[in-house]
Amino acid sequence: MDRRSFLTISLALGVTPAQLWSASSAKDVIAIGGDVTEIVYALGQGHRLVARDATSTFPPAAQELPDVGYMRRLSAEGVLSFAPELIVSAEGAGPPEVIDILRAASVEFAEVPEGYDTDAIVRKIETVGAALDVRDRAEALAAETRSELDTALGRAARSEDKKMRVMFILSTQGGRILASGTGTGANGIIEMAGGVNAVSSFEGYKPLSDEAASAAAPDVILMMDRSGDHASTDAELFGLPALSVTPAAATRNVVRMDGLFLLGFGPRTAKAVTALNRALYPT
Amino acid sequence: MALADHMPTSRVARARQMHVGLGVALVVVGMFSLTVGATDVALGPALLKLVQGEALTRIEAIVLWDIRAPRLVLGLLVGAALAVGGAVMQGLFRNPLADPGLVGVSAGAGLGAITAIVLAGFAPLWLATTMGDQLVPVAAFLGGWTSTMVLYQVSTRRGRTSVATMLLAGIALGALAGALSGILVYISDDRQLRDLTFWGLGSLGGASWTKTIAAGPIILVAVIAACALGRGLNGLALGEATAAHIGLNVQRVKNVAILTVAAATGAAVAVSGGIGFIGIVVPHLLRLGTGPDHRPLLINAALLGALLLVLADVIARVIIAPAELPIGIVTAVLGAPVFLWILLRQRGMVDL
């Protein structure tokens, strides 16, 4: 179309040419990382997504998208088959050779920093917003998320001596407890929800010895709600000698929550904080 | 009786014919691998464009030249290295279950890779900047080479290498490497743990020209050198003493066998991770078909290994496209049942 008719149309639509340009340059985007995908949808940009990675399971619409696999093992050609213009990815997508090839194919690549607190969530939203060129919406979503989180954290906060000791267990495969230490998403959400991590002697997820598990004396066991070989029933869980002597076993106190909801650190985290806080302190 | 007399010659002749057959099949599979993929870029139309003097689109050029071509070349080399490595080891140890793992390559390479993955964060800055993304493959190659050399030193006394000592020391060294890897696994975080698991399953996914140019010459030279071992390994099949009596330089055969296998498999494992089954299955398939003469066997092993690995790679990258399956899963899932079937079908007829 020529310039004049273009102007006429844009004026008739009540938008400036610049806006029309940016709208018409809507890019095909691939989102990598469950939290990133959630943020893309929360920013109202879900329609721009052409594919997602294996961890992007929320919102349900995301599951309709083709799955490019595990984020650290992307296939260069698999990604290129969607002819994306932009990849918004959580930290650590790879392998590096594949990222190099994608960059050479002039696919833009935006990496969203990881983190487990309010500031980190706000930074994620801002980074995704900037990459998708919807800064205004991102500002609004970030402000909204921050205020929701502040409210949730305010409600969840309690004095040190009244905090529940929470042990996050990733799996109890073969009777061995794989628990979360410090510096993990699980540790972050436990603290945000007004609990205290019962396992603070190591960083990351590690197998816990039976005696250390007993000594940690958790009041509550927190697990991801999932089926398959990681699932263990309450009976199995408290049947483990290490856990049978803990306060949690005495009260049969287990909390199970959806993994992405609990550990995603995205727009839903305020709700996760409130939900976990209610589960920890029911009264 | 007449039939039995003719058997060996006809099998060797068949093995020689097979060079040509496998060579042709290899070209076909190679073309196929350049044509098939997650994108709809195909070799034919792109070649047509080039012939007509048109420029390829950016995507076509990248998919064909930067993604599929290095992958094909690397697949050919790795497949040939693993299969020839397996055949040479089986000949050297006179044991149908031998694979390159016996000379410590796999354990050492695995330990090297795990060390690089887990401890990359602690590496001195100059190392991290000079190596960059190549740290894991380089560490894997050095690990494989070092452990083979240690084994070789341990089992060589007065210029004579004892294959039996090597076998036993290899088991001990493997256990040690496994234990060290276990310590590193313990201190790794869950992301590194996933990297380790995927590394162990193998993949040609990170293929690039840099990797191909680094590993290619090593593999190529080693595989060609190993293919020349046919007569020596045939001699060793008679037993070491007899081989020496018929004028074979037994120690030289051993040296060349161990060094070439360490170099070829080490480089292959370094660029592709752990890919199982090719080294065991390919030589056996060929022996069942064309007999145990190592001279044609080694060449056929190189060709068939390359062929199967490229085919497995095509399957790995299209079967769950746009995602990609680790190639080790494909080689095992397809290789194991086929191998079993052939074994059962031939049982009673063929004595391994």
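Rules and cut-offs
- Residues numbered from 1 in each chain as written.
- Chains lettered and ligands numbered in written order.
- Predicted model: local features only at pLDDT ≥ 70, side-chain atom pairs only at ≥ 80, totals over all residues.
- Helix = DSSP H or I, 4+ residues; strand = E, 2+ residues; numbered from the N terminus.
- Buried ≥ 20, exposed ≤ 12 C-beta atoms within 10 Å, placed from the backbone.
- Contact = placed C-beta atoms within 7 Å.
- Nonpolar A, V, L, I, M, F, W, Y, C, P; charged D, E, K, R; others polar.
- Core = buried A, V, L, I, M, F, W, Y, C linked by C-beta atoms within 7 Å.
- Domains from an automatic or database assignment.
- Pairing = 2+ DSSP bridges.
- Axes fitted to C-alpha atoms, helices over the stretch in contact; angles between N-to-C directions.
- Expected span 1.5 Å × (residues − 1).
- Arc of directions from axis to C-beta.
- pLDDT = per-residue confidence, 0-100.
- Left-handed = near helix turned anticlockwise from the far one by under 90°.
- Parallel < 35°, antiparallel > 145°, perpendicular 65-115°, else oblique.

K.L.:
Would you mind going over the overall build of chain B in detail, with residue names and values included?
P.N.:
When its secondary structure is counted, chain B shows 15 helices and two strands. Burial statistics for chain B: of 352 residues in total, 48% are counted as buried. Residue pairs in contact within chain B that sit at least 24 positions apart in sequence constitute 79% of those at least 6 positions apart.

K.L.:
An account of the overall build of chain A is needed here, citing residue identities and associated values.
P.N.:
Summing up its helical and strand segments, chain A has 15 helices and ten strands in all. Within chain A, buried positions represent 42% of all 283 residues. Considering only intrachain contacts with a sequence separation of at least 6, the fraction spanning at least 24 residues in chain A is 57%.

K.L.:
Account for the interface of chain B and chain A, with residues named and values stated.
P.N.:
With 24 residues of chain B at the interface, the matching set in chain A holds 27 residues. Sorting the residues of the side of chain B that touches chain A by element identifies α3 (58-93) and α8 (190-201) of chain B as the ones contributing at least two each. Of the residues forming the side of chain B that touches chain A, the biggest block, six residues, is contributed by α3 of chain B. Of the residues in the side of chain B that touches chain A, the class split is nine nonpolar, five polar and ten charged.

K.L.:
I'd love a proper account of the nonpolar core, names of residues and values included.
P.N.:
One finds A81, V84, A264 and A302 of chain B to be the most contacted residues of the largest nonpolar core, which totals 181 residues. The greatest single-element share of this core, amounting to 20 residues, is contributed by α3 of chain B. Here this core spans two domains, and each of domain 1 (3-153) and domain 2 (160-280) of chain A adds at least three residues to it. V84 of chain B has contacts with V223, A226, C227, A264, L298, A301, A302 and G305 of chain B, leaving out every residue within four places of it along the chain.

K.L.:
Account for the sheet that holds strand β4 (residues 108-112) of chain A, with residues named and values stated.
P.N.:
All names here are of chain A. Taken together, four strands build an open sheet; the order of strands is β2-β1-β3-β4 and the sheet is parallel. With partners counted over all chains shown, the strands left at the sheet margins are β2 (49-52) and β4, one partner each. On average, each strand axis in the sheet is inclined to that of its neighbour by 20 degrees, with strand direction left out of account. On the sheet, helix α3 (residues 34-42) packs against β1 (29-32), β2, β3 (86-90) and β4 and is oriented at approximately 125 degrees with respect to β3. Contacts from helix α7 (residues 118-132) reach β1, β3 and β4 within the one sheet, and its direction differs from that of β4 by about 170 degrees.

K.L.:
Please set out the environment of V254 of chain A residue by residue, giving values where relevant.
P.N.:
Residue and element names in this part refer to chain A. Relative to the helices and strands, V254 is located in strand β10 (residues 254-257). Put simply, V254 and D234 are 20 residues apart on the chain and 7.4 Å apart in space, counted from C-alpha to C-alpha. In this structure, V254 is in contact with I221, M223, D234 and L237, ignoring residues within four places of it in sequence.

K.L.:
How would you explain the domain arrangement of chain A if you had to name every residue and give the values?
P.N.:
All names here are of chain A. Once the domains are mapped, chain A shows domain 1 (3-153) and domain 2 (160-280). With 19 residues of domain 1 in contact, the opposing surface of domain 2 contributes 13 residues. Secondary-structure elements contributing two or more residues to the side of domain 1 that touches domain 2 are α3, α7 and α8 (135-156). With six residues, the single largest contributor to the side of domain 1 that touches domain 2 is α8. Among the residues forming the side of domain 1 that touches domain 2, the class breakdown is ten nonpolar, four polar and five charged.

K.L.:
An account of α8 of chain A is needed here, citing residue identities and associated values.
P.N.:
Because an α-helix completes one turn every 3.6 residues, residues spaced three or four positions apart along the sequence face the same direction. Residues and elements named next belong to chain A. Taking 1.5 Å of rise per residue, 22 residues should cover 32 Å, and α8 covers 30 Å from first to last C-alpha, within 8% of that figure. Of all the positions in α8, only A138, L141, A142, T145, L149, A152 and A156 are classed as buried. Around the axis of α8, the buried residues are gathered within 105 degrees of arc, so they sit on the same side. Looking at α8, the residues exposed on the side facing more than 90 degrees away from the buried face are D136, A143, S147, D150 and G154.

K.L.:
Go over the confidence of the model for chain B with me, naming the residues and quoting the values.
P.N.:
Residues and elements named next belong to chain B. Taken over all residues, the pLDDT of chain B has a mean of 88, while the share at 70 or more is 95%. Mean pLDDT across the secondary structure elements of chain B bottoms out at helix α5 (residues 125-131), with 73, and peaks at helix α14 (residues 294-318), with 95. Overall, residues 1-6 carries pLDDT values under 50, and its contacts beyond four positions in sequence, including any with other chains, amount to zero contacts. Here the predicted complex scores 0.84 on pTM and 0.81 on ipTM.

K.L.:
Describe the packing of helix α4 (residues 105-119) of chain B against helix α6 (residues 135-155) of chain B, with residues and values.
P.N.:
Residues and elements named next belong to chain B. The interhelical angle for the contact between α4 and α6, taken along N-to-C directions, is 145 degrees, at an axis separation of 6 Å. For the pair α4 and α6, the sense of crossing is right-handed. Residues V105, A107, G108, A109, L111, G112, A113, T115, A116 and I117 of α4 lie in contact with α6, whose contacting residues are L135, V136, A139, A140, F141, L142, G143, G144, T146, S147 and T148. For the contact of α4 with α6, the class distribution of residues is 13 nonpolar, eight polar and no charged.

K.L.:
Break down the environment of A235 of chain A for me, citing the residues and quoting the values.
P.N.:
When you line up the elements, A235 of chain A lands in helix α11 (residues 234-239). Between the C-alpha atoms of A235 of chain A and R252 of chain A, which are 17 residues apart in sequence, the distance is 9.1 Å.

K.L.:
Help me get a handle on the pairing of strand β6 (residues 177-180) of chain A, residues and values and all.
P.N.:
Residues and elements named next belong to chain A. Across two bridges, strand β5 (residues 164-171) lies against β6 in antiparallel orientation. Note that in β6 the partner of S171 across the bridge is L178. Hairpin connection of β5 to β6: five residues between the antiparallel strands, including G174 at a positive phi of 60 degrees. Strand direction decides the pairing type here: β6 and strand β8 (residues 205-208), joined by four bridges, are antiparallel. Directly across from A179, in β8, lies its bridge partner K206.

K.L.:
Which residues make up the packing of α6 of chain B against helix α12 (residues 250-272) of chain B, and what values do they have?
P.N.:
Residues and elements named next belong to chain B. With their axes 8 Å apart at the nearest point, α6 and α12 run at an angle of 155 degrees to one another. Compared by their axis directions, α6 and α12 come out roughly antiparallel. Between α6 and α12 lies a crossing whose hand is right-handed. Of the residues in α12, those touching α6 at P137, A140, F141, G144, W145, T148 and Y152 are I258, A262, T265, G266, A267, V269, A270 and V271. Of the residues that constitute the contact of α6 with α12, the class distribution is eleven nonpolar, four polar and no charged.

K.L.:
Report on the environment of P326 of chain B, specifying residues and quantitative values.
P.N.:
Residue and element names in this part refer to chain B. Positionally, P326 belongs in the loop between α14 and α15 (327-346). Between the C-alpha atoms of P326 and V41, which are 285 residues apart in sequence, the distance is 22 Å. Ignoring any residue separated from it by four or fewer positions in sequence, one finds P326 in contact with F198, L201, G202 and S203.

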